[in-house]
Amino acid sequence: MTHSIVFGGTKGLGRVVVRLFAQRGDAVSVISRSVPGVADQVPGASYRAADIADAAATQAALDAAVAAAGAPSYVVFCQRYRGKDDPWAGEIEVSLSASRRVVDALQGKFAKGSDCGIVFVSSVFGDRIGEGQPLSYHLGKAGMNHMARYYAVSLGREGVRSNAVTPFTFLKDESKEFYLGNKTLLGLYEEIIPLGRMATAEDSANVIAFLCSPAAGFVNGQNIYVDGGLSLVWPETLARKLKGQ
Ligand SMILES: NC(=O)c1ccc[n+]([C@@H]2O[C@H](COP(=O)([O-])OP(=O)(O)OC[C@H]3O[C@@H](n4cnc5c(N)ncnc54)[C@H](OP(=O)(O)O)[C@@H]3O)[C@@H](O)[C@H]2O)c1
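Residues numbered from 1 in each chain as written. Predicted model: local features only at pLDDT ≥ 70, side-chain atom pairs only at ≥ 80, totals over all residues. Heavy atoms only, no water.

Moving on to the site of the ligand. The ligand sits among 26 residues. The nearest are T10, K11, S34, Y137 and K172. A distance of 3.4 Å separates an oxygen atom of the ligand from a polar side-chain atom of S32. At a separation of 2.7 Å, an oxygen atom of the ligand approaches a polar side-chain atom of R33. Protein chains bury 93% of the 890 Å² of accessible surface belonging to the ligand in isolation. (Near = heavy atom within 4 Å. Polar contact = N/O pair within 3.5 Å; in protein donor to acceptor, adjacent residues only side chain to side chain. Areas by Shrake-Rupley, 256 points an atom, 1.4 Å probe, with all protein chains shown as cover.)

Laid out in structure tokens, this is it:
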């Protein structure tokens, strides 16, 4: 059975990825700081608590997951720093150093003879500069984009593909009420996004599930934008449209 490991699979996008993996029949291991109550767990998934910034706890969770479900085929990094300490140290640790430790620990230990891959969940702030997130978030995501490319080359001959997914702001269970209740903001998104609607967590989860499947068997080192085409629109065009000029 295909074993897929999702870091940060208890909330938001990660939870939807876990649901898709479980629905297609994967053995799914979820590693996050906390284990949700049974009612919030995806049936069939196995949950282990570890802060990815804690190297020993993460290694123990990985070892237990591999002992229970076998060598992994797919690993998804969906975690994001949500701590209360220094955001610089936290973001660099949780996005970059910890992800590198996990990939290094799994080198040579991915499932043999089947399609294998890693997906780093990035952000438009990995390529662009935007308000509302600190420099550390921008650098963490930019670093993840390049990690995806680095591992695409260095792990390619081990049969492990590596890619990034860049979601644009999406509706998730935790934020739906806010966005759907704010007609002005919702209308703004509908106006600026070429597909005329806001993204959902499912939009990005579907792309992650594709990248974590044999159907993407020759896709390596890419960063797939899931933004409805917004990143293609020239900012001047957007500004004129919004100002009616
Ligand atoms: N939300 C958006 O609109 C948006 C847009 C673009 C990109 N993204 C990216 O998409 C990814 C998912 O976003 P989201 O909004 O769905 O995130 P979220 O709801 O905040 O969920 C984050 C997940 O990471 C886990 N986590 C946080 N810190 C961790 C740590 N130190 N060690 C292990 N697990 C940890 C959380 O579980 P615990 O709390 O139990 O640890 C949770 O499962 C993130 O990488 C984010 O940067 C999000």
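Let's pick the thread back up.
The next subject is the pattern of salt bridges. According to the stated counting rule, one finds 10 salt bridges in the structure shown. Of the charged contacts, one joins D173 and R15 as a salt bridge, the two residues approaching to 3.6 Å between their closest N and O atoms. Remark: R15 occurs in helix 1 (residues 12-23) and D173 occurs in the loop between strand 7 (170-171) and helix 5 (176-180); sequence separation between them is 158 residues. Among the residues examined, D173 registers a relative accessible area of 54% and is labelled exposed. Between K176 and D173 there is a salt bridge, with its nearest N and O atoms 3.7 Å apart. Residue K176 is classed as partly exposed on the basis of its relative accessible area, which comes to 32%. (Salt bridge = Lys/Arg side-chain N within 4 Å of Asp/Glu carboxyl O. Helix = DSSP H or I, 4+ residues; strand = E, 2+ residues; numbered from the N terminus. Buried < 20%, exposed > 50% of the residue type's maximum accessible area, 1.4 Å probe, protein only.)

The full count for this structure, using the stated rule, is 8 aromatic pairs. Ring centres 5.2 Å apart and planes at 20° place the aromatic pair F77 and F120 in the stacked group. Note that F77 is positioned in strand 4 (residues 74-77) and F120 in strand 5 (residues 116-121), a separation of 43 residues in sequence. Taken together, the ring pairs in this structure connect F7, F77, F120, Y150 and Y151 into an aromatic cluster. (Phe/Tyr/Trp six-rings, centres within 6.5 Å; stacked < 30°, edge-to-face > 60°.)

Position of D203 relative to the elements: it lies in helix 7 (residues 201-211). Overall, the relative accessible area of 21% leaves D203 in the partly exposed class. It is 20 Å that separates the C-alpha atoms of D203 and N220, two residues lying 17 residues apart in sequence. Those residues in contact with D203, other than ones at most four positions away along the chain, are R197, M198 and V226. Polar side-chain contacts of D203 include one of 2.9 Å to the side chain of R197. (Contact = heavy atoms within 4.5 Å.)

Further remarks concern the pairing of strand 2 (residues 27-32). The element strand 2 is largely enclosed, with a buried count of 6 among its 6 residues. Because side chains alternate across strand 2, one face comprises the buried residues A27, S29 and I31, and the other comprises V28, V30 and S32, equally buried. The sheet contact formed by strand 1 (residues 3-7) and strand 2 spans 5 bridges and is parallel. Looking at the pairing, S4 lines up with V28 of strand 2. The parallel pair strand 1 and strand 2 is bridged by helix 1, and the resulting crossover is right-handed. Here strand 2 runs beside strand 3 (residues 46-49); their pairing, made up of 4 bridges, is parallel. Residue pairing across strands places S29 opposite S46, the latter belonging to strand 3. (Pairing = 2+ DSSP bridges. Right-handed = clockwise from strand over helix to strand, strands pointing away.)

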